[in-house]
Amino acid sequence: MKTETQAEKRKSISELHRSRYKRNSISKTNEESRRRRLAIDQALRRKHREQLITAKRFRHLTQKEEYESAGEDDGDYPVNYELNTHDISKLEEELKSSSHEVRLDAVKFLGRALFDPSKAVHDFVVDGDCINLLTQLLTAGDPDEQLQAVVGITNIAAGSYDFCIKATSTIPYLVSYLKESNVALQDHSAWALGNMAVESDEIRSMLRKNGVLQPLVNLLDSSDSNLVQTACFALSNLARGPNAHLEEFLQAGIGPKLASHLINNTPDTVTEICWVLSYLTAGSDQFIGQLLNEGIAPLLVQNMEPLHSQGALALPLIRTFGNIASGPDDYTDILIKEQIFLPGIISFCQSDCRPVKKESLWVLSNITASVAYAIFSHTISRRPEVLEKVIQAGAIPILTEIASHTNFDIRKEAAFSLTNIACHGTKYIQALPNNVLLPGYLEFVRSEDPELIKLGLTYLQLLLTHVPEGKSLMQSIPDSILALESVTVSTHSDLCRTASVLMDTYFGENNEGVEQDILA
């Protein structure tokens, strides 16, 4: 499986993505509040997506195929592919044989040996004649040999960088096969190209220069669901990285083709379609706007219920919603107008699948992010109708339960939404079950994570400023004042200043609890 290094992850996050992530209500500007959380978790979310779905894929044989290829009638004896240099020499001879059957058996065997290559196989690929021999089979004109050669290239491209870079010499042939009428050859060619696209920006650039995009997009017109899924696998990997040239996807007419597969399709196909959408919507407001204008919102929403019981298969759908909600308010409004959208997201927040729960909470935090943040003590929501719909959908009891009784990182995600709700004004902070929420926020204040401390301090400031019984509520909880006081010696100056002002204002010797704009 291909895994990115930390350096590669950093390189894959563009400045555009960093500006797109909504956070919580603690911000320098309104726009940062709407966008910045998307950037913070982008690498982690992409890494998880790659591990679940878009990691390089080997072409596996079934167990029956394995035993049949070894001449066995049952499954008592495993097949051994620990090839040595002598075996490789023999294999080379067979790949060059004048006999079609010998060549075909040899290339099939090579494809299986590439799944977990021995040193001899590794050297054959990197330093030997492997790619040249496979290329000869690609160009010989026999469809069976071509298909098995592409299978071998697929497994080479699924290996390490030194394997994958060797396979790139076959890109022109693979791109040409995308245009053939042989569905199996199209499928495996797209598969191999998708494996290459995972590797690096360098190889993705090579693929684009060889004209891979339009033929892949055209494969979405197929009625073969497996081919559509494989095309999506390749397209989503091609859309990765900071230099994805997303405008070219638009020009290729990908939007309507993707949308057509969201109607009455299988969960597997919808998931692959949504992975492509999640990458494209993460990098382009223009693309989001075009998709919404083409009516994709109801198509996405109608797939919430079918995917609800499918665990992690729902992730790309939810992530696409989150990307849409991180854009302009008009985009969020289009989603909310779909009656089952908010209840659906709240239901996903209660999922037993941890990644789905966390991702759904992120979406909800984008929706609840307030617009007017600059002066907390006088915040007035400019979009109360949105917040009212969230509340009417039953969000507060669900968020309260999650923020109070689940694992720490999940609690944090729920707390972002609750804090956003509170920041819309006095009416909303007073409507929260603060006696239940306060202990959890105090745990944030006691943590060593500056982001969590800031989140906790924001809530305490709102509680003390806008809730008449806020001070007495704090005093009723043991060590709550000590928790706040501990931040006054923080090495982070803004946290230290905030905690100090709260202490002086509400718990000092001569305090009168005068409301102050301490986090502006």
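Residues numbered from 1 in each chain as written. Predicted model: local features only at pLDDT ≥ 70, side-chain atom pairs only at ≥ 80, totals over all residues. Heavy atoms only, no water.

The name an unreviewed UniProt entry assigns to the chain is Importin subunit alpha, from the organism Umbelopsis vinacea.

Scanning the chain for helices and strands turns up 35 helices and 0 strands. Buried positions account for 56% of the 520 residues belonging to the chain. Long-range contacts, defined as pairs at least 24 residues apart, comprise 69% of the intrachain contacts of the chain with a sequence gap of at least 6. (Helix = DSSP H or I, 4+ residues; strand = E, 2+ residues; numbered from the N terminus. Buried < 20%, exposed > 50% of the residue type's maximum accessible area, 1.4 Å probe, protein only. Contact = heavy atoms within 4.5 Å.)

All right, on to the packing of helix α19 (residues 267-283) against helix α23 (residues 315-325) then. In the contact formed by α19 and α23, the axes pass within 8 Å of each other and the chain directions differ by 25°. Compared by their axis directions, α19 and α23 come out roughly parallel. As for the relative orientation of α19 and α23, their crossing is left-handed in sense. Every residue of α23 that contacts α19 at T271, C274, W275, L277, S278, T281 and A282 is listed here: L315, P316, L317, R319, T320 and N323. Here the residues of the contact of α19 with α23 are counted per class, giving 7 nonpolar, 5 polar and 1 charged. (Axes fitted to C-alpha atoms, helices over the stretch in contact; angles between N-to-C directions. Parallel < 35°, antiparallel > 145°, perpendicular 65-115°, else oblique. Left-handed = near helix turned anticlockwise from the far one by under 90°. Nonpolar A, V, L, I, M, F, W, Y, C, P; charged D, E, K, R; others polar.)

Turning our attention to helix α35 (residues 493-507). The first and last C-alpha atoms of α35 sit 20 Å apart over 15 residues, in line with the 21 Å expected at 1.5 Å per residue. Along α35, the residues classified as buried are L495, C496, T498, A499, L502, M503, T505, Y506 and F507. Elements in contact with the buried residues of α35: α32 (450-466), α33 (470-475) and α34 (480-486). (Expected span 1.5 Å × (residues − 1).)

In total, this model carries 4 aromatic pairs according to the counting rule given. A centroid spacing of 5.0 Å and a plane angle of 70° characterise the contact between F321 and F341, whose relative ring orientation is edge-to-face. Of this pair, F321 sits in helix α23 while F341 sits in helix α25 (residues 341-348); the two residues are 20 residues apart in sequence, bridging distant segments of the chain. Residue class for F321 comes out buried when judged on its relative accessible area of 0%. Judged by its relative accessible area of 0%, F341 is buried. Where Y441 meets Y459, the ring centres are 4.0 Å apart and the plane angle is 10°; that geometry is what we call stacked. Note that Y441 is positioned in helix α31 (residues 434-446) and Y459 in helix α32, a separation of 18 residues in sequence. (Phe/Tyr/Trp six-rings, centres within 6.5 Å; stacked < 30°, edge-to-face > 60°.)

Okay, the UniProt feature "repeat: ARM" (unreviewed entry) in the chain next. UniProt tags residues 169-211 and 211-239 as "repeat: ARM" (unreviewed entry). From the first C-alpha to the last, residues 211-239 spans 14 Å; its make-up is 69% helix and 0% strand. (UniProt positions renumbered as here; feature names shortened; annotations may be inferred.)

Let's shift gears to the nonpolar core. Core analysis: the biggest nonpolar cluster contains 156 residues, and M196, I254, F321, F341, L457 and L460 have the highest contact counts within it. Among the elements that make up this core, the one with the highest residue count is α32 (9 residues). (Core = buried A, V, L, I, M, F, W, Y, C linked by side-chain atoms within 4.5 Å.)

Each pair of packed helices can be summarised by the angle the axes make with each other and by the distance between the axes. The contact between helix α26 (residues 354-368) and helix α27 (residues 384-392) brings their axes to 10 Å, and the two run at 145°. Contact residues: α26 offers L364, I367 and T368, while α27 offers V386, L387 and V390. Residues belonging to the contact of α26 with α27 are distributed by class as follows: 5 nonpolar, 1 polar and no charged.

Within the structure shown, the criterion is met by 10 salt bridges. A salt bridge links D221 to K257; its shortest N-O distance comes to 2.9 Å. Separated by 36 residues along the polypeptide, D221 in the loop between α15 (213-218) and α16 (225-238) and K257 in helix α18 (residues 254-260) bring together distant segments of the chain. By relative accessible area, which is 51% here, D221 ends up exposed. Taking relative accessible area as the criterion, K257 reaches 18% and is therefore assigned buried. (Salt bridge = Lys/Arg side-chain N within 4 Å of Asp/Glu carboxyl O.)

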